[in-house]
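The lines below spell out each chain.
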Amino acid sequence: MEFLSQTYVALRGPTGGTQTPADTIARLSDRLSPATLLADRRAAVLALKGLSRDCKQDVGDRALPGLLEVLSNDAEVDTDIGKAVLETLNILCDVEDGAHNKELALKHSDHVLSNDKTINLLFSLLGDTNFYTRFATLELLSTLLQNRRQIVQGYFLKSSSGPTSVISLLEDKREIIRNEAISMIQSLISQNSDIQKVLAFEGAFEKLFNIVTQEGGVDGGIPAEGALSCVDSLLRFNSSNQSYFRETPFPKTLCALLYFPSSIDVKDPAPQEFALQFWDNQKAKNTRLVIEIMGILVGSKGGNVQENSTFARCLLEMALASNAPTSLKSAALRLLPANANIPLSEITVTPYLPVPETNDEEWDRMEPATALDAVVELALHGEYSGLNNEKYPKDILELRTAALTAFEASFSIRNYVRKEEVKLAIFRAMLPPEGSRVTEMPPITPLLHALALPPSELDPTVVLTTHMATILFTHLLRSSAQAKSLARVIKPGPLQPQTAQGTDTFFVPADGAPPPPTISHEIDDDEPPQTLLQVLSENLSLSFLSRSRVSASETESREWDKLIVAYLCLLSQWLWEDPASVREFLNAGGMGVLVEPINQTLEDDVVVPALCVFMLGICYEFNREPGEITRATISPILNRLGIDNLVGRMVRLREDERFKSIGPDSVVLPYSSASQMHAGRKAEAGDGVEIWFEWAFVDFWKSNYYTIQRGFSTDPDQLSSATGILRTGQNAESTLLIASLREVIQKQVEEIENLKRQLKESAKSSGDELASLQNQVITLSQELSTSEEKRKDVEKEQEDLLVLLDEMTSKRQRDKARLKEAGLQVSEDEGDEDAE
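- An unreviewed UniProt entry lists the protein under the name Vesicle tethering protein Uso1/P115-like head domain-containing protein, with Amanita thiersii Skay4041 as the source organism.
- A UniProt comment under Subcellular location (unreviewed entry) is attached to the protein, and it reads "Golgi apparatus".

**Examining the environment of asparagine 623**
Moving on, step 1. Looking at the element boundaries, asparagine 623 is found in the loop between helix 31 (607–621) and helix 32 (631–641).
Moving on, step 2. With 46 residues separating them in the primary sequence, asparagine 623 and glutamate 577 have C-alpha atoms 9.5 Å apart.
Moving on, step 3. Look past the residues within four positions of asparagine 623 in its chain and what remains in contact with it is Val582, Arg583, Leu586, Ile629, Thr630, Arg631 and Ile634.
Moving on, step 4. A polar atom in the side chain of asparagine 623 sits 3.0 Å from the backbone oxygen of isoleucine 629.

**What to know about the side chain of glutamate 307**
Moving on, step 1. Mapped onto the fold, glutamate 307 is located in helix 19 (residues 305–320).
Moving on, step 2. According to the relative accessible area criterion, glutamate 307 is buried, its value standing at 13%.
Moving on, step 3. Those residues in contact with glutamate 307 that sit more than four places away from it in its chain are Arg246 and Pro251.

**Observations regarding the nonpolar core**
Moving on, step 1. Grouped together as the largest cluster of nonpolar side chains are 209 residues, with contacts concentrated most on Leu333, Phe473 and Phe693.
Moving on, step 2. Here the element with the most residues in this core is helix 31; it accounts for twelve residues.
Moving on, step 3. The next biggest cluster of nonpolar side chains, apart from the first, holds six residues, and it includes Tyr352, Trp363, Met366 and Tyr384.

**A few points about the packing of helix 4 (residues 56–74) against helix 5 (residues 79–93)**
Moving on, step 1. In the contact formed by helix 4 and helix 5, the axes pass within 10 Å of each other and the chain directions differ by 145°. Considering how the two elements wind past one another, helix 4 and helix 5 form a crossing that is left-handed. The residues of helix 5 that touch helix 4, namely those facing Lys56, Val59, Gly60, Leu64, Leu67, Leu68, Val70, Leu71 and Asp74, are Ile81, Val85, Leu86, Thr88, Leu89, Ile91 and Leu92.
Moving on, step 2. Residue classes in the contact of helix 4 with helix 5 are distributed as twelve nonpolar, two polar and two charged.

**Considering helix 32**
Moving on, step 1. Turning to helix 32, its buried residues number three or more, namely Arg631, Ile634, Ser635, Ile637, Leu638 and Leu641. The arc that holds the buried residues of helix 32, viewed along the axis, is 170°, so those residues lie on one side. Opposite its buried face, helix 32 presents the exposed residues Asn639 and Arg640, each directed more than 90 degrees away.
Moving on, step 2. Contacts from the buried residues of helix 32 go to helix 29 (579–587), helix 30 (590–598), helix 31 and helix 33 (643–655).
Moving on, step 3. Count one or two residues on from helix 32 and you reach glycine 642, which has phi positive near 95°.

Cut-off values and rules
Residues numbered from 1 in each chain as written. Predicted model: local features only at pLDDT ≥ 70, side-chain atom pairs only at ≥ 80, totals over all residues. Heavy atoms only, no water. UniProt positions renumbered as here; feature names shortened; annotations may be inferred. Helix = DSSP H or I, 4+ residues; strand = E, 2+ residues; numbered from the N terminus. Contact = heavy atoms within 4.5 Å. Polar contact = N/O pair within 3.5 Å; in protein donor to acceptor, adjacent residues only side chain to side chain. Buried < 20%, exposed > 50% of the residue type's maximum accessible area, 1.4 Å probe, protein only. Core = buried A, V, L, I, M, F, W, Y, C linked by side-chain atoms within 4.5 Å. Axes fitted to C-alpha atoms, helices over the stretch in contact; angles between N-to-C directions. Left-handed = near helix turned anticlockwise from the far one by under 90°. Nonpolar A, V, L, I, M, F, W, Y, C, P; charged D, E, K, R; others polar. Arc of directions from axis to C-beta.

This is the structure in structure tokens:
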């Protein structure tokens, strides 16, 4: 009653007349003076709190200085007034909807932060154990950080009590306080490496992981997610914290959270408790944060090899051999750094396959395979060999493109010699065994099968598999003259249609294991097998022919166009700087295949004609070997087609959304974006996704676009400039010199690697010899110690004998003296002996 009476008097005023809100606020502001009673100040603050939402401007203009004074003088003394003034300040600084309210909130925030007195007091109040005071302080700090983060961060770095008070919040047993503290800390450390370092060295990692553990690890709820998010923010873009984190036991904790061993051999399978788990949305979010932290540590400099290897293995196992959600698998593959030396061909994984009609509760364990095998299988056929391709089309397509990225990263330039060895091993697996008859059919690997399969029927699944196979094969060919040389002699044998989805066998290009049984084991001498390049040229021609016969359905045209784009992208990169392959492609009728689409007059068809022009330019640029079709033969065709027309078609490709939208991490496009390819046709399905190009080809095309454009105007007798040297002054000798220098460089790199290998072997041999010598030294030291002990024992025995001898001599002398005293005769010789 006393409180209500005081509030009523404060609002009514002495006269009892009606007052405006401004008058009331002015009267209440006067009662905030330290000269008034604490109860009056408390009542005034509570009244102002009620008016602050509707009269934010008046309260801020008249009462804000008084409220800050009350906060400074009374908040630590009286809990009720402290809670009320903190909540009032939070209302005044809270950014609400509307430009005017936002401007007022920022103005009030600037007044509160005009000096460091208020913010230091807030950090001090965080140490108050009272729930309402601590919670209201956290809310106000969060609001100020949202409005003026950099100013608050600057004050925090100068505050003596700030770091300790903030870290102590993470130990609060009250969940609402702890959750609010985590949210506030996320804002506090945002884009400020100095605060991140301060909190890390104050023990933030320990407190955050304690929260995660108390919540049940990745199976925990939102608090665990917030704590892991804070850990991520403390480590990301902060090399100092990353180095400090590696010195703590928490890297092993990351593995433990996912039930993955902190040390595992490359040939050992991952534990089943890691591979098969129960998943929900919250667990997926928490696990995503854990693997992102792993990705930060693997992708940064420093750290021991064993730790990085364990993290990389964990990411691979999650992506290739677990029942994790598809989005998590894609993230795990993309988190593998491109500059990391991860030997996919040496790591063994054990995939699992869900048992049909068990709602993913029962799983079959597959045969162990290398990680390279699993990556190729995943890219070609999708998750679980295509079992969920229709169920999650977008996630599955993103997963398959992530597998392509991982496959490309496995051939990083950091391990050039090893990269070449693996590439050449994969190509040799596609060739007939040495010593076999010419007529014997070479082995058909899954990659070769998907690549050479003729486009007889329009099946989107088969089209996508072929598209993925062309990208995988391009990664093997790129920047490798030896790989292109081996690829030219690959001759696929007779093929059968691809097996049904859901097969439980994993194949690898490198091991030569055949997919479905082939039709026969012998090839008729009357029909010699075609090379792979000839097969691809024929498939490209068949695709163009089938595309010209389709109905008005956009879906069919789109699928044929995607297949044609896949073939053209592969052939473009294969023929680049490879005159022998250009000659074989032209002899297989490639010129006619390319010219016809360029002559088409459909203005809405952009991609296919542009790629055909690009391919035609490559054939003209690198046609340097003798044959029926020479540069002089191609030049009139270019002139007839029109140089300006050819260049114009290439330019239009740069503006097409299917090409322009491609980036390093954006390969999968919405299905509706491709509707521009046929103007006037309505898309039949606008909610799907598709893939047209990969980033590596887009980068390749942009890098060499101007070279091909200039090449169209080059005289047939003038040599190419595609290697980056100006045409003026370049001749055949310089081209051969460049090629020879490349071979010399490659041989030197191989020699360096051999020398490194020999050095390691020598070091190992020297280490064995050193260990042997150390063992000998230990043995000799033990023998010396034994001999020393024996010598000491002998010396002791000798000393005892000398003492005994001395005693016997003394006794004999005494006996002789007694004999002489008794008058008995003693011989002189005995006396002499005694004297002696």
